[in-house]
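A structural walkthrough
Single-letter residue listing:
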Amino acid sequence: MLFVYFFVININGFIMRQYKNLCGFNKLVGFFFFVIIIISISGCSLGDAFVNVFDDDNNSDFGEGYSYIGTSFNYGDGQLPTKFLQNNIFLNNSVEISDTINISNDVNLVDYFFYFNAFSNEDPQYKEKKYYNSTLILPAEDIDYTYEEQYPTVSIDSSGTDFFHVNTYEFPNHRSNYFFNSVSQASNVVCVEGDYIFCSNIYGLGGFSDRAKIVSPNRANKYNFPIIATVLTPTPLGDRDIIGLARNGVPLAQRLPNTKEDYHDLKSRLDEYYGYPADSGYFYFAEPTYFTGYEDASYFFGYDYTYFQDEVDSSKSVSRSDLIGIALDGFPIYGPIEYGIQEKVPYDLDTCRGHVGPTGDKFSNTYHYHIKPVEYIEDGDENFFIECFSGTLVD
Ligand SMILES: [Zn+2]
């Protein structure tokens, strides 16, 4: 390595005699190789040196030496908590969600329609899913598949000075390929042998009738949060399936409440925003990319993703340092990247993934969490949003 370094410097010395005004470049190249040498001596690979910006599974880059005990946020400080929550976290506007797909004239949409993603090969049901192949789609299915749904907003009440509760229908305010499972069979589909969409269940090959559906909401679930959130000794997430709510009222789930399946179990079946429906509602299982704008190009290729639009300023575009929701202990939860610092996770997170810092909104310089970047979730990882609760929970 040292040999390579001196060789490059010599070559550069030769070039620089003729292009003296580029000597800054010479120093830059020298410095680069110096860094390489230091990294080599330290025993840390070049890959590690750069990947560690995101890699938090060894606990060496967060949680050690940082504590924010005593920091608090008061939702009722000089204002009505409900008003603050409606203005700064939860959405006020009901929206119509709709999509139309004709899979016979766009092969890219076939993967989306049947939710083949990068993890499909790991799915035990993949053998059956492979029947949903564009070559098997018959002219009978040359129709527009359409759905239209109405997103209902959450409602918020505060009881005295101790806590507020959020009633949510656990319904997304955005498209999901699971909505296609939820619609009735199109009236112009004639079931014939080899029809692999609505009729396939007749032939025992799966089909929409055995897939999860996003059901129309008919009852709200209630979640309680403290009006004064205070950082104390951390509380483990324990066996809690839900750790908080996203801004649209969709629960942030550690596990699916009925089957206890987690991100790893569900990843071959998650929709385009890492959500999944169950009879009791729709949940996010990792970074809700609808709010952060992160797009994995290999996930649903060719699909036209849409992202959260600020209700006040529609020109604002989403970023990975945006607010995504609130934890059950009352502290806000943000995307994985620190506000104002491009491509960097915060260096000073405590053991729960929280810290005090700028956020670019009303929570600036108060305690808040940063979720794990979805692309750095590894096999065996357990917590996908926060590691523990820093504050107290209302039971
Ligand atoms: Zn932060």
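Conventions used here
- Residues numbered from 1 in each chain as written.
- Predicted model: local features only at pLDDT ≥ 70, side-chain atom pairs only at ≥ 80, totals over all residues.
- Helix = DSSP H or I, 4+ residues; strand = E, 2+ residues; numbered from the N terminus.
- Buried ≥ 20, exposed ≤ 12 C-beta atoms within 10 Å, placed from the backbone.
- Contact = placed C-beta atoms within 7 Å.
- Core = buried A, V, L, I, M, F, W, Y, C linked by C-beta atoms within 7 Å.
- Domains from an automatic or database assignment.
- Pairing = 2+ DSSP bridges.
- Axes fitted to C-alpha atoms, helices over the stretch in contact; angles between N-to-C directions.
- pLDDT = per-residue confidence, 0-100.

The helix and strand inventory of the protein stands at nine helices and 17 strands. Looking at the 395 residues of the protein, the share that counts as buried comes to 35%. Partitioning the contacts of the protein with sequence separation of at least 6, the portion at a separation of at least 24 is 69%.

This part takes up the nonpolar core. Where a protein is soluble and globular, its nonpolar side chains tend to be buried together. Phe 283, Tyr 284, Phe 285, Ala 286, Ala 327, Ile 333 and Tyr 369 are the most contacted members of the largest nonpolar core, which totals 69 residues. Composition of this core by domain shows at least three residues from each of domain 2 (56-95 + 155-174 + 217-395) and domain 3 (103-142 + 177-213). What Ala 286 contacts, discounting residues up to four positions off in sequence, is Tyr 263, Tyr 274, Val 374, Ile 377 and Phe 384.

What follows covers the sheet that holds strand β6 (residues 221-226). The strand order across the open sheet formed by three strands is β4-β5-β6, and the pairing between neighbours is antiparallel. Strands with a single pairing partner mark the edges of an open sheet, and in this sheet they are β4 (155-159) and β6. Averaged over all adjacent pairs, the angle separating strand axes in this sheet is 25°, with direction ignored. When strand β5 (residues 163-168) meets β6, the two strands line up antiparallel, connected through six bridges. Of the residues in β6, the one forming a bridge with Phe 164 is Phe 225. Sheet strands in contact with helix α4 (residues 81-88) are β4 and β5, and its direction is about 150° off that of β4.

Turning next to unusual backbone geometry. The bulk of non-glycine residues show a negative phi, and the bulk of peptide bonds are trans. Phi at Tyr 274 is positive, roughly 60°, even though this residue is not glycine. Take Tyr 274: it is sitting in the loop between α8 (263-266) and β11 (275-278).

Glancing now at the environment of Thr 235. Counting through the fold element by element, Thr 235 comes out in strand β8 (residues 235-236). Given 16 C-beta atoms within a 10 Å radius, Thr 235 is considered partly exposed. Spatially, the C-alpha atoms of Thr 235 and Cys 388 are 5.8 Å apart, while their sequence positions differ by 153 residues. Aside from chain neighbours lying at most four places away, what touches Thr 235 is Cys 388, Phe 389 and Leu 393.

A few words on the pairing of strand β12 (residues 281-284). What you see with β12 is no split at all: Gly 281 and Phe 283 on one side and Tyr 282 and Tyr 284 on the other are buried throughout. Relative to β12, β11 is paired through four bridges, and the arrangement is antiparallel. Opposite Pro 277, over in β12, you have Tyr 282 as the bridge partner. Linkage of β11 to β12, two consecutive antiparallel strands, is achieved through a turn of two residues.

When the pLDDT values of the protein are averaged, the result is 79; 72% of them are 70 or greater. Between residues 1-60, whose pLDDT stays under 50, and residues either more than four places distant or in other chains, the model counts 31 contacts.

Time to look at the environment of Ile 371. Structurally, Ile 371 can be placed in the loop between β16 (366-370) and β17 (388-389). Taking the C-alpha atoms as reference points, Ile 371 and Phe 385, separated by 14 residues in sequence, lie 4.4 Å from one another. Beyond its immediate chain neighbours, meaning those up to four positions away, Ile 371 contacts Glu 287, Ile 324, Ile 333, Gly 335, Pro 336 and Phe 385.

Two faces, one strand: in a regular strand the side chains alternate between the faces of the sheet. Burial of β16 is extensive: four of the five residues sit out of reach of the surface. Bridge count for strand β14 (residues 332-334) against β16 is two bridges, and the pairing is parallel. Within the sheet, the bridge partner assigned to Tyr 334 lies in β16 and is His 370. The pairing of strand β15 (residues 354-357) with β16 spans four bridges and is classified as antiparallel. The residue bridging Val 356 from the neighbouring strand is Tyr 367, located in β16.

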